[in-house]
Amino acid sequence: MRTTPREPSPRRYLMCPPAHFEVTYSINPWMDPTKPVDLPLALAQWEDLRDRYRVLGHTVELLDPVPGLPDMVYAANGATVVEGRVLGARFAYPERSAEAAAHLDWFRRNGYPDADLQVPEHINEGEGDFAVTASWILAGHGFRSSPLSHDEAQEFFGRPVIGLELVDPRYYHLDTALCVLDDARDEVMYFPDAFSPGSRAVLLRLFPDALLVGAGDAAVLGLNAVSDGRHVLLPQAAVGLFEPLRARGFEPIAMDLGELLKGGGSVKCCTQELRPANEARS
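These numbers were taken from a predicted model, which means no experiment stands behind them.

Visitor: Give me the lowdown on helix α2 (residues 99–109), citing residues and values where you can.
Guide: Inspection of α2 places E99, A100, A102, H103, L104, W106 and F107 among the buried residues, and these make up the whole buried set. Check the buried side of α2 and you find it contacts β1 (12–15), β2 (59–62), β3 (79–82), β4 (85–88), β5 (117–118) and β15 (272–273). Taken from the residues just after α2, G111 is the one with a positive phi, measuring 90°.

Visitor: Let's hear about the sheet that holds strand β10 (residues 187–190): which residues, and what values?
Guide: Backbone-to-backbone hydrogen bonds join strands into a sheet, with any given pair of strands oriented parallel or antiparallel. Taken in spatial order, the three strands line up as β9-β10-β11 in an open sheet, and their pairing is mixed. Either end of the sheet is taken by a strand with one partner, and the two such strands are β9 (178–182) and β11 (211–212).

Visitor: Lay out the side chain of R248 with the relevant residues and their values.
Guide: Following the sequence through the fold, R248 ends up in the loop between α6 (242–247) and β14 (251–255). At 2.7 Å, the side chain of R248 and the backbone oxygen of D209 are in polar contact.

Visitor: Describe in detail unusual backbone geometry, supporting the description with residues and values.
Guide: Its identity is not glycine, yet E83 carries a phi of approximately 50°, on the positive side. Along the chain, E83 turns up in the loop between β3 and β4. For L221, which is not a glycine, the phi torsion comes out positive at approximately 60°. Tracing the backbone shows L221 in the loop between α5 (215–219) and β12 (226–227).

Visitor: A description of the environment of I253 should follow, citing residues and the corresponding values.
Guide: Within the fold, I253 resides in strand β14. Given the relative accessible area of 17%, I253 is considered buried. Once the C-alpha coordinates of I253 and V232 are considered, the two residues, 21 residues apart in sequence, prove to be 5.9 Å apart. Residues in contact with I253, not counting those within four places in the same chain, are R52, L56, H231, V232, L233, L234 and F242.

Visitor: Quick rundown of the sheet that holds strand β8 (residues 161–165)? Include the residues and the values.
Guide: The three strands lie next to each other as β6-β7-β8, forming an open sheet whose pairing is mixed. Two strands lie at the open edges of the sheet, namely β6 (130–132) and β8, each paired on one side alone. If you compare each strand with its neighbour and ignore which way they point, the axes differ by 25° on average. Note that β6 and strand β7 (residues 137–141) share three bridges and pair antiparallel. By the bridge assignment for β7, A131 is matched with L138. Where helix α4 (residues 197–206) meets the sheet, it contacts β7 and β8, and its direction lies at approximately 135° from that of β8.

Visitor: I'd like a description of the pattern of salt bridges, backed by residues and values.
Guide: By the definition in use, this model includes 20 salt bridges. E99 is the partner of R96 in a salt bridge, and the nearest nitrogen-oxygen pair spans 2.8 Å. No difference in accessibility class separates R96 from E99, as the two residues are buried. In this structure, K262 engages E259 in a salt bridge whose closest nitrogen and oxygen atoms are separated by 3.1 Å. We classify K262 as partly exposed; its relative accessible area is 25%. Residue class for E259 comes out buried when judged on its relative accessible area of 9%.

Visitor: Outline the pairing of β7, supporting the account with residue identities and numerical values.
Guide: Burial of β7 is extensive: five of the five residues sit out of reach of the surface. Side chains I137, A139 and H141 of β7 all project onto a buried face; the interleaved residues L138 and G140 project onto the opposite face, where all are buried too. Linkage of β6 to β7, two consecutive antiparallel strands, is achieved through a turn of four residues. Of the pairings in the sheet, the one linking β7 to β8 comprises five bridges and is parallel in character. If you follow I137 over to β8, its bridge partner there is V161. The parallel pair β7 and β8 is bridged by helix α3 (residues 148–157), and the resulting crossover is right-handed.

Reading the values: rules and limits
- Residues numbered from 1 in each chain as written.
- Predicted model: local features only at pLDDT ≥ 70, side-chain atom pairs only at ≥ 80, totals over all residues.
- Heavy atoms only, no water.
- Buried < 20%, exposed > 50% of the residue type's maximum accessible area, 1.4 Å probe, protein only.
- Helix = DSSP H or I, 4+ residues; strand = E, 2+ residues; numbered from the N terminus.
- Contact = heavy atoms within 4.5 Å.
- Pairing = 2+ DSSP bridges.
- Polar contact = N/O pair within 3.5 Å; in protein donor to acceptor, adjacent residues only side chain to side chain.
- Axes fitted to C-alpha atoms, helices over the stretch in contact; angles between N-to-C directions.
- Salt bridge = Lys/Arg side-chain N within 4 Å of Asp/Glu carboxyl O.
- Right-handed = clockwise from strand over helix to strand, strands pointing away.

Structure, rendered in structure tokens:
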């Protein structure tokens, strides 16, 4: 466990404004169509997150929102990018299926060659269920992504993929139950009760010094966070995480994405990382 901060390298993120965000159906336990969304507030909260990234020195690329696809704001689900190669998404629910093509179209328009783009055969919901460290790709399954997508990702990226079973429907994606704090040093935090006993044992073996998160902070989606290796942007309600993160040399930054939480997402759900081919970080 490190206790001294390191200077983060600039990151490049893909985000999608919540121009058409609403909750009219329910595909996870957080979504309640009877609770109205304040769209101007959702947009203001999203803009605050985008602007924080830019202030920290990161680049934010924008994906155009498509009418009729209210969940496009959760851009993390649209693809996984590792060393400049793009594994597209295949969504579990028809309500979101058209998002996958919109993401791949963005990559084509922005100079990614077809040889580095793959349309998946098996269900995966992008960085919702894939988390990347220097040594592994951690891959969630149990509610959305298929275990068959793990072999597909390993073959495409040429990196070992570690399957992790999620067992609590509130934590339906890996990025609601685990956050990579320092990808270069394989440092993570996670909520143990979100995982099966075997997956907890695997996490303990791989990450013996991980920050273990309690039920209260997990329940406000405190793990749906983004770290650049030093700054950790996380939901402001996860009050129990701030001091433990500081003790490990991180700088937590509280974000209010309360309106977007109504759709079952927070900081990470809104943020897809565009990892370049020369992604080595010190």
